[in-house]
Amino acid sequence: MTTERTEDYLKAIDTIIEKKGYSLVKDIARFLDVSPSSVTGMFKKLTKEGFINCEKYGGVTLAPDGRKLAKSTRKSSVCCMSSSSSLVWMKIPQMMMLAMGVLPVIPVNFVQSYPSYVFDLNHTRYAVDREIAESIFVRLE
């Protein structure tokens, strides 16, 4: 089982390699808005777990397991800017919910669950698939 942080690093490495052809510690640090020492520490962990191949004073490449995980998690997420102008990965259902105006503390009224999940938000009804419906957390009052 991988952590979200591990997936973030693998996606960042994959994205940078796709754009530049190679990836260095400083590239990852800049991309994820973390310190180079944090990247070095994570690289040790990812190397030990078999996700990356790291050359001392050189670049990093994805091992087959790392490439597979990076590709699969990139397909289910979107890279977007946060308010601090650093890059943030969000799951596609979360992005869709934000686009519909579903924000924390906004009341959402559940209408039906079959044949599709339907909810009412500010007098507008939305029908969504199961994946999106599962991204909605409900607090009963």
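Residues numbered from 1 in each chain as written. Predicted model: local features only at pLDDT ≥ 70, side-chain atom pairs only at ≥ 80, totals over all residues. Heavy atoms only, no water.

Draft legend 1. Region of the structure containing the environment of Asn53. Among the secondary structure elements, Asn53 is positioned in strand 1 (residues 52-54). Separated by ten residues in the primary sequence, Asn53 and Phe43 have C-alpha atoms spaced 8.8 Å apart. Apart from the residues lying within four places of it in its own chain, the contact partners of Asn53 are Gly59, Val60, Thr61, Leu62 and Ala63. (Helix = DSSP H or I, 4+ residues; strand = E, 2+ residues; numbered from the N terminus. Contact = heavy atoms within 4.5 Å.)

Draft legend 2. Structural detail: the pattern of salt bridges. Here the structure, examined in full by the defined rule, presents three salt bridges. Across the pair Asp8 and Arg5 runs a salt bridge whose closest N-O atoms are separated by 3.8 Å. Taken together, the residues Asp8 and Arg5, both in helix 1 (residues 4-20) and three residues apart, mark about one turn of the helix. Measuring nitrogen to oxygen at the nearest pair gives 3.8 Å for the salt bridge that ties Asp8 to Lys11. Of this pair, Asp8 and Lys11 both sit in helix 1, three residues apart, which is roughly one turn of the helix. Take Asp8 and Lys11: they sit in the same class, and that class is buried. One connected set of salt bridges, linked through shared partners, spans Arg5, Asp8 and Lys11. (Salt bridge = Lys/Arg side-chain N within 4 Å of Asp/Glu carboxyl O. Buried < 20%, exposed > 50% of the residue type's maximum accessible area, 1.4 Å probe, protein only.)

Draft legend 3. Highlighting the confidence of the model for the protein. On average, residues of the protein carry a pLDDT of 76, and 71% of them reach 70 or more. Per-element mean pLDDT across the protein ranges from 46 in strand 3 (residues 77-81) up to 92 in helix 3 (residues 36-48). Overall, residues 78-89 carries pLDDT values under 50, and its contacts beyond four positions in sequence, including any with other chains, amount to 25 contacts. (pLDDT = per-residue confidence, 0-100.)

Draft legend 4. Here's a closer look at the pairing of strand 7 (residues 124-128). The pairing of strand 6 (residues 117-121) with strand 7 spans five bridges and is antiparallel. The residue of strand 7 that forms the bridge with Leu121 is Thr124. Count of turn residues in the strand 6/strand 7 antiparallel hairpin: two residues, of which Asn122 carries a positive phi of about 50°. (Pairing = 2+ DSSP bridges.)

Draft legend 5. How the structure looks around the packing of helix 1 against helix 3. Between helix 1 and helix 3, whose axes approach to 11 Å, the crossing angle comes to 100°. On the basis of their axis angle, the class for helix 1 and helix 3 is roughly perpendicular. In this structure, helix 1 uses Arg5, Thr6, Tyr9, Leu10 and Ile13 to contact helix 3, whose residues at the interface are Ser38, Val39, Met42, Phe43, Lys45 and Leu46. Among the residues making up the contact of helix 1 with helix 3, the classes are represented as seven nonpolar, two polar and two charged. (Axes fitted to C-alpha atoms, helices over the stretch in contact; angles between N-to-C directions. Parallel < 35°, antiparallel > 145°, perpendicular 65-115°, else oblique. Nonpolar A, V, L, I, M, F, W, Y, C, P; charged D, E, K, R; others polar.)

Draft legend 6. Local environment of the environment of Asp27. Mapped onto the fold, Asp27 is located in helix 2 (residues 25-32). Judged by relative accessible area, which is 7%, Asp27 ranks as buried. Not counting residues within four places of it along the chain, the set of residues in contact with Asp27 comprises Ile16, Lys20 and Tyr22.

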